[in-house]
Amino acid sequence: MNFFFWIIAALLVGMGGFTGYTNWKLYFDSKKMREHVLKTHQDTEVVHIGTMRIWMYAAMAAVCIALGIMILVMPTASQAVEEARYSQAVVYFGLAVFAFAMFGEAMTDSVIVLTPDAFLYEAGMIRFKNIRSVEVAKGWFKSSFILLTGAKEIAVSKKMAAWTDEQWGIWKKERKTTFKNRKERRAEARRKREAE
């Protein structure tokens, strides 16, 4: 039984470490891109979406660390429990590492920079004109997607999908009111040339 806990602990620490590396790398790339977009675009808005996941993962990490420490410091009743205590504590510390990794992902996905024609999600700009459709999941365990041109799809949270669908609808309405057809663009260019 003790060997089983050590295997689980090793898997959790390994997976949590790798997931943490990729998620926190993405977080810092996203932060750098966010700063760049805010400097280069005048009409930007920072939107916070789905902060519940941040608190959930932070609480999970704190609880797992507390349980791991509690297992290490509590007196044991038997020799069998004494032998398994360290492997069980490492399992909880592995869960804490995994929760900390997911905390990085939640921090990345919760901040969106909105411009008039696009938005920054994670470390990439998504242009509204490239969105084909948005699938908002119905139910707890179904994924939501943003479907883009070129057969690309991005898995997002339900809140993010609903927000994207709303902003995409606003963008389409504004585009209809300001869109000029080819004839109108040519007439405007002709007026500009004549004015010079």
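Our structure's up above, just so we're on the same page.
Draft legend 1. Quick look at the layout of surface pockets. In this model, the largest pocket occupies a volume close to 820 Å³. Lining the largest pocket are 23 residues, with Arg53, Val156, Ser157, Lys158 and Lys159 positioned closest to its centre. Elements that contribute at least two residues to the lining of the largest pocket include exactly α2 (52–73), α3 (79–109), β7 (152–156) and α4 (158–178). There is about 180 Å³ of room inside the second largest pocket.

Draft legend 2. Representation of the sheet that holds strand β1 (residues 45–48). What the four strands build is an open sheet, ordered β1-β2-β3-β4; its pairing is antiparallel. Only two strands of the sheet have a single partner each, and these edge strands are β1 and β4 (124–127). With strand direction ignored, the average angle separating the axes of adjacent strands in the sheet is 30°.

Draft legend 3. Region of interest: the pairing of strand β3 (residues 118–121). The alternating pattern of β3 places Ala118 and Leu120 and Phe119 and Tyr121 on opposite faces, both of which are buried. Hairpin connection of strand β2 (residues 111–114) to β3: three residues between the antiparallel strands.

Draft legend 4. Summary view of the environment of Met15. Residue position: Met15 is located in helix α1 (residues 2–40). With a relative accessible area of 46%, Met15 lands in the partly exposed category. For the pair Met15 and Leu95, spaced 80 residues apart in sequence, the C-alpha to C-alpha distance is 9.8 Å.

Draft legend 5. Layout of the environment of Met102. Here Met102 lies in helix α3. For the pair Met102 and Ser133, spaced 31 residues apart in the sequence, the C-alpha separation amounts to 27 Å. Setting aside residues no more than four positions away along its own chain, Met102 makes contact with Thr19, Asn23 and Tyr57.

Draft legend 6. Structural context of the packing of aromatic side chains. Within this structure, the stated rule accounts for nine aromatic pairs. Aromatic side chains Trp24 and Tyr27 sit 5.3 Å apart centroid to centroid with 75° between the ring planes, which places their arrangement in the edge-to-face category. Taken together, the positions of Trp24 and Tyr27, both in helix α1 and three residues apart, correspond to about one turn of that helix. Across the pair, Tyr27 and Trp24 agree in class, each one buried. With a centroid separation of 6.1 Å and an interplanar angle of 40°, the aromatic rings of Trp24 and Phe103 are classed as tilted. With Trp24 in helix α1 and Phe103 in helix α3, the pair connects residues that are 79 residues apart, well separated along the chain.

Draft legend 7. Structural detail: the nonpolar core. By size, the foremost hydrophobic cluster in this structure holds 18 residues, and its most contacted members are Ile112, Phe119, Tyr121, Phe128, Ile131, Met160 and Trp163. Those elements that provide at least two residues to this core are β2, β3, β5 (131–135), β6 (144–148) and α4. A per-element tally of this core places α4 first, with five residues. Residues in contact with Ile131, not counting those within four places in the same chain, are Phe119, Ile126, Ile146, Leu147, Leu148, Thr164 and Trp168. If you look at the next biggest cluster of nonpolar residues, it comprises seven residues, including Trp24, Tyr27, Met102 and Phe103.

Draft legend 8. Inspection of the side chain of Asp109 at higher detail. Of note, Asp109 is situated in helix α3. Only 3.4 Å separates the side chain of Asp109 from the side chain of Arg53, close enough to count as a polar contact. Setting aside chain neighbours within four positions, we find Asp109 in contact with Ile49, Arg53, Tyr121 and Glu122.

How each quantity is defined
- Residues numbered from 1 in each chain as written.
- Predicted model: local features only at pLDDT ≥ 70, side-chain atom pairs only at ≥ 80, totals over all residues.
- Heavy atoms only, no water.
- 1 Å grid on protein atoms, 1.4 Å probe; cavity = no way out; pocket = protein on both sides within 12 Å on 5 of 7 lines; lining within 4 Å.
- Points joined across faces, edges and corners; volume = space filled by probe spheres on them.
- Helix = DSSP H or I, 4+ residues; strand = E, 2+ residues; numbered from the N terminus.
- Pairing = 2+ DSSP bridges.
- Axes fitted to C-alpha atoms, helices over the stretch in contact; angles between N-to-C directions.
- Buried < 20%, exposed > 50% of the residue type's maximum accessible area, 1.4 Å probe, protein only.
- Contact = heavy atoms within 4.5 Å.
- Phe/Tyr/Trp six-rings, centres within 6.5 Å; stacked < 30°, edge-to-face > 60°.
- Core = buried A, V, L, I, M, F, W, Y, C linked by side-chain atoms within 4.5 Å.
- Polar contact = N/O pair within 3.5 Å; in protein donor to acceptor, adjacent residues only side chain to side chain.

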